[in-house]
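Geometric and topological summary
Residues per chain are reported as follows:
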Amino acid sequence: MIALITGITGQDGSYLTELLLEKGYEVHGIVRRSSTLERSRLTQFYGNENVYEKRLFLHYADLTDTTTIRRIVLKVQPTEFYHLAGQSHVGLSFEIPESTCDLTAMATLRIMEILRDLPMPPRFLHASSREIFGTPTVSPQDETTAINPNSPYGVAKAFSTQMTKVYRESHGLYFCNAICYNHESPRRGENFVTRKVSLAAARIKAGLQKSVTLGDLDSARDWGYAGDFVRAMWMMLQQPTADDFVLATGRSRTIRDLLETAFQHVGLNWQDHVKVDDRFKRPADPKALLGNPAKAINALGWTPTVTFEQMIQMMVDHDLKVVSSQ
């Protein structure tokens, strides 16, 4: 089996790479060329002479570079294609809506057009998002819930999600959507609130900072573990027929719950160290977003293995090590 991954250097891409290599895949990743070769989430593979450039290969391309992506696809001839890349920060999408739509919506369409033209198109997974539901009228949400995005990122993902379904139904392609609710890990970027909190707890415990500033503490999310989610993505592409699945835990947590878990793990009272600033609140924050993973559980046999508390503690422990090494 040969897999091609966009977004391979991201949180999900790195976990998916580990999983596929363990299963004996040859893994190819598309990466952007930059002034630095630092790709910390893949570091463990670079020094492994049995893996890097033997079973794991990286190819340079930008998501807007259709010609190069086509060239890579023709060279690699993947049997599975995991499309994880895009501008994925919801809050930032309000500031850069045009590039968000280009990198998240149109890039997906370009890739699907490339795959559609192949004699033997690979099985394709698009990493969709709970943001397609925006302000839902029902809770929890499942695969039949009406799409109603309320952010530029959500609109871009809604486009990609619908187009994936159109290509599956109109062209008979094995294209599917993993509609992912929030999923975190120690590899999450520092501009996401979960990592911002875990890193703050570690730094405050170490005496390197005194407080952390956040927005709406009552904002709630359905948070799961990234490693569990990529396992479900792989399982989706092993099914006899393509379909869409909501990946979620089915439990909602607030920023207060996040703070309580993280700071309690290091023996601190979060209320002594948290400041609230309205500038960190989103222009339109999604409400009542809670996923129903019943279809994935029943059809795929998928079950989340890491609890919210375990995940946040794992993130704090990781950041304690990061802080101590600085």
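This report concerns the structure included in the present document. (Residues numbered from 1 in each chain as written. Predicted model: local features only at pLDDT ≥ 70, side-chain atom pairs only at ≥ 80, totals over all residues. Heavy atoms only, no water.)

**Some remarks on unusual backbone geometry**
Definition in use: We count a stretch as a helix when DSSP gives it H or I for four or more residues in a row; a strand needs E for two or more, and each element gets its number in order from the N terminus.
The residue after Ser 139, namely Pro 140, is reached through a cis peptide bond having omega 0 degrees. Along the chain, Pro 140 turns up in the loop between β5 (123-129) and α6 (152-171). In this model, Glu 53 sits at a positive phi of 65 degrees, which is unusual for a non-glycine residue. One can find Glu 53 in the loop between α2 (43-46) and β3 (56-60). For Gln 77, which is not a glycine, the phi torsion comes out positive at approximately 50 degrees. Structurally, the position occupied by Gln 77 is in the loop between α3 (66-76) and β4 (80-83).

**What about the packing of aromatic side chains?**
We count it as follows: Put simply, two rings from Phe, Tyr or Trp (the six-membered ring, in Trp's case) pair if the centres are within 6.5 Å, and we call them stacked under 30 degrees between planes, edge-to-face over 60, tilted for the rest. Partly exposed residues are those whose accessible area sits between 20% and 50% of the maximum for their type, while under 20% is buried and over 50% is exposed, using a 1.4 Å probe and protein chains only. Lysine and arginine charges are scored as sitting over a ring when NZ or CZ, respectively, is within 6 Å of the ring centre and within 35 degrees of the ring normal.
Per the stated rule, a full pass over the model turns up seven aromatic pairs. Considering the side-chain rings of Tyr 167 and Phe 175, the 6.3 Å spacing of their centres and the 5 degrees angle between planes classify their relative orientation as stacked. Like Phe 175, Tyr 167 is buried. With 5.9 Å between their ring centres and 25 degrees between their planes, Trp 223 and Phe 308 make a pair best called stacked. One end of the pair, Trp 223, is in the loop between β9 (220-221) and β10 (224-225); the other, Phe 308, is in helix α11 (residues 308-324), and 85 residues separate them in sequence. Relative accessible area serves as the criterion here: at 6%, Phe 308 is assigned to the buried category. Taken together, Phe 81, Phe 124, Tyr 167 and Phe 175 form an aromatic cluster joined through their ring pairs. For the cation-ring pair, Arg 188 lies above Phe 192, with the distance from its terminal atom to the ring centre recorded as 4.0 Å.

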